[in-house]
Amino acid sequence: MIEKVTIYDIAKKLDITAATVSRALNNNPKISPATRQLVLDTAAKMNYKQNKLAQALRSGKSNNVGVIVPRIDSNFFASVIRGIEEELHPEGYHVIICQTHEDEKREIENINTLLNAQVDGILMSISNVSSENEHVIKRVLSEKVPLVFFDRKMNVDGVSSVTINDFEGGYLATKHLIEEGCTKIAHLAGDQSLEIYQNRYKGYKQALVDHNIPFKEEYVLRTKSNVDAGINAAKTLLLQETPPDAIFSSSDFAGLGAIQELKEQGMDIPRDFCVVGFGNEPFTKFMELSISSVDQSPMEMGKMAAKVFLEQINNNDNLKIEKKVVLVPELLTRKSSNRKNT
């Protein structure tokens, strides 16, 4: 086994103190440029590797930021992560990505692992089942590690968040369907334990009220955000005594599944049935029957979450900064709901 080179080995090689080597490696201004360069050259020749964790413990800064998402195989979260990295990399930060897979225990493990790794901050979108993890959130706050929620959030005093106006997104989608002549609009409501889906549902209901369209509880189905859930939801809706003539889905994936089932049962979309999704996933615009969807601006969300973190960590007065950034959604209308253009 090859022993690791230490600062004491470099000091012995150059006949200087270990403290001088340490200062030179950490760019201390007390060390002359010539001595610093000599130490760096010798360290490189001896294949010296700095212990990043020990360095972080000494300096109080690791230049690592943890990002926790439900899953990375989603265009939305992948785009958010890209936005975060594009904002943080020029500032010298590296991003450590963790997935929860919608598992609360895994989420708690991720947070504890990141804290133990001395990250400088945590940016996270909570899992579907974050009901008992307040104690680990309190640990983040007690250790004074900046925490920023994005997309999915918990309402915690002192914690910043970057979200989209989900209420407005739900309202815009439903209003569009009404303007296209739909009067029996169903809603695939998602997991109502999460605030984002609650707000999309509220926006849907308010649009119905504002346009004097009766709200029907049987038209609202709680569904998961996947294709199979959309297929099953469409089957259920079409079996009703008075089937709907449109669907606003809180998820593009569920919306896609609904469209597949509607077409399977001979529905002409959008002439017989209109569908609007949420998320603006890439497949929505590339399909032959393109799907109308509410865009969540994930790149902008990621960049903004990173900016909020930077503002917190660069606050020299060490004052608590809490920001609630709410982005404006955009409805992108396509073939699946443009009934008037057919």
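Because the structure is a prediction, the values reported are computed rather than measured.

### Here's the deal with the nonpolar core
Phase 1: Counting 36 residues, the largest nonpolar core has Leu177, Ile185, Leu188, Tyr204 and Ile247 as its most contacted members.
Phase 2: Mapped onto this core, the elements with two or more residues apiece are helix 8 (166–179), strand 6 (185–188), helix 9 (195–210), strand 7 (220–221), helix 10 (227–238), strand 8 (246–249), helix 11 (252–264) and strand 9 (274–278).
Phase 3: Broken down by element, the residue count for this core peaks at five residues, all from helix 11.
Phase 4: Beyond its immediate stretch of four places on either side in the chain, isoleucine 247 contacts Leu177, Ala186, Leu188, Leu237, Ala258, Phe273, Cys274, Val275 and Val276.
Phase 5: If you look at the next biggest cluster of nonpolar residues, it comprises 24 residues, including Val69, Phe77, Leu88 and Val95.

### Regarding helix 11
Phase 1: Taking 1.5 Å as the rise per residue, helix 11 with 13 residues should run 18 Å; its terminal C-alpha atoms sit 18 Å apart, in good agreement.
Phase 2: By the N-cap criterion, in which a side-chain oxygen at the helix start approaches the backbone nitrogen of a residue two or three places on, helix 11 is capped by serine 251, the distance to phenylalanine 253 being 3.1 Å.
Phase 3: Glycine 266, located one to two residues past helix 11, shows a positive phi value of around 85 degrees.

### Focus on the sheet that holds strand 2 (residues 94–99)
Phase 1: In spatial order, the strands read 2-1-3-4-5-11; together these six strands make up an open sheet with parallel pairing. In the strand order of this sheet, the two ends are held by strand 2 and strand 11 (324–327), each with one partner. Going from strand to strand, the sheet's axes swing by 15 degrees on average, the running direction of each strand aside.
Phase 2: Relative to strand 5 (residues 160–164), strand 4 (residues 147–150) runs parallel, the two sharing three bridges. Its bridge partner being in strand 5, phenylalanine 149 is matched across the sheet by serine 161.

### With respect to the environment of isoleucine 291
Phase 1: By secondary structure assignment, the location of isoleucine 291 is in the loop between helix 12 (283–286) and strand 10 (292–295).
Phase 2: Given a relative accessible area of 1%, isoleucine 291 falls into the buried group.
Phase 3: Taking the C-alpha atoms as reference points, isoleucine 291 and glutamine 198, separated by 93 residues in sequence, lie 22 Å from one another.

### Looking at helix 10
Phase 1: In this model helix 10 runs 17 Å from its N-terminal to its C-terminal C-alpha over twelve residues, within 8% of the 16 Å that 1.5 Å per residue would give.
Phase 2: All of the buried residues in helix 10 are Ala229, Gly230, Ile231, Ala233, Ala234, Leu237 and Leu238.
Phase 3: Where the residues of helix 10 are buried, they touch strand 6, strand 7, strand 8 and helix 11.

### Section: the pairing of strand 9
Phase 1: In terms of residue burial, strand 9 counts as a mostly covered element, since five of its five residues are buried.
Phase 2: By the alternation rule, side chains of strand 9 split into Cys274, Val276 and Phe278 and Val275 and Gly277, which are all buried.
Phase 3: On the question of chirality, the crossover connecting strand 8 to the parallel strand 9 by way of helix 11 is right-handed.
Phase 4: As defined by bridge partners, strand 9 adjoins strand 10 across three bridges and the pair is classed as parallel. When the sheet's bridge partners are listed, valine 276 is paired in strand 10 with serine 292.

### Quick word on the packing of helix 1 (residues 7–14) against helix 2 (residues 18–25)
Phase 1: For the pair helix 1 and helix 2, interaxial distance at closest approach is 8 Å and the crossing angle is 110 degrees. Compared by their axis directions, helix 1 and helix 2 come out roughly perpendicular. As for the relative orientation of helix 1 and helix 2, their crossing is right-handed in sense. When helix 1 is examined against helix 2, the residues Ile7, Tyr8, Ile10 and Ala11 are found in contact with a partner set consisting of Ala18, Val21, Ser22 and Leu25.
Phase 2: Partitioning the contact of helix 1 with helix 2 into residue classes produces seven nonpolar, one polar and no charged.

### Focus on the pattern of salt bridges
Where side chains of opposite charge bring their charged atoms close, a pairing between them can arise.
Phase 1: One pass over the structure, following the stated rule, counts eleven salt bridges.
Phase 2: The residue lysine 303 makes a salt bridge to glutamate 86 at a minimum N-O spacing of 3.3 Å. Of this pair, lysine 303 sits in helix 13 (residues 298–313) while glutamate 86 sits in helix 5 (residues 75–88), placing them 217 residues apart in sequence.
Phase 3: Residue classification places lysine 303 among the partly exposed positions, given a relative accessible area of 24%.
Phase 4: A salt bridge links arginine 152 to glutamate 102; its shortest N-O distance comes to 3.0 Å. With arginine 152 in the loop between strand 4 and strand 5 and glutamate 102 in the loop between strand 2 and helix 6 (104–116), this residue pair connects regions lying 50 residues apart in the sequence.
Phase 5: By relative accessible area, arginine 152 is classed as buried at 5%.
Phase 6: Through salt bridges that share partners, Arg82, Glu86, Glu87 and Lys303 make up one connected network.

Calculation notes
- Residues numbered from 1 in each chain as written.
- Predicted model: local features only at pLDDT ≥ 70, side-chain atom pairs only at ≥ 80, totals over all residues.
- Heavy atoms only, no water.
- Core = buried A, V, L, I, M, F, W, Y, C linked by side-chain atoms within 4.5 Å.
- Buried < 20%, exposed > 50% of the residue type's maximum accessible area, 1.4 Å probe, protein only.
- Helix = DSSP H or I, 4+ residues; strand = E, 2+ residues; numbered from the N terminus.
- Contact = heavy atoms within 4.5 Å.
- Expected span 1.5 Å × (residues − 1).
- Polar contact = N/O pair within 3.5 Å; in protein donor to acceptor, adjacent residues only side chain to side chain.
- Pairing = 2+ DSSP bridges.
- Axes fitted to C-alpha atoms, helices over the stretch in contact; angles between N-to-C directions.
- Right-handed = clockwise from strand over helix to strand, strands pointing away.
- Parallel < 35°, antiparallel > 145°, perpendicular 65-115°, else oblique.
- Left-handed = near helix turned anticlockwise from the far one by under 90°.
- Nonpolar A, V, L, I, M, F, W, Y, C, P; charged D, E, K, R; others polar.
- Salt bridge = Lys/Arg side-chain N within 4 Å of Asp/Glu carboxyl O.

Taken by themselves, the reported measurements are silent on function.
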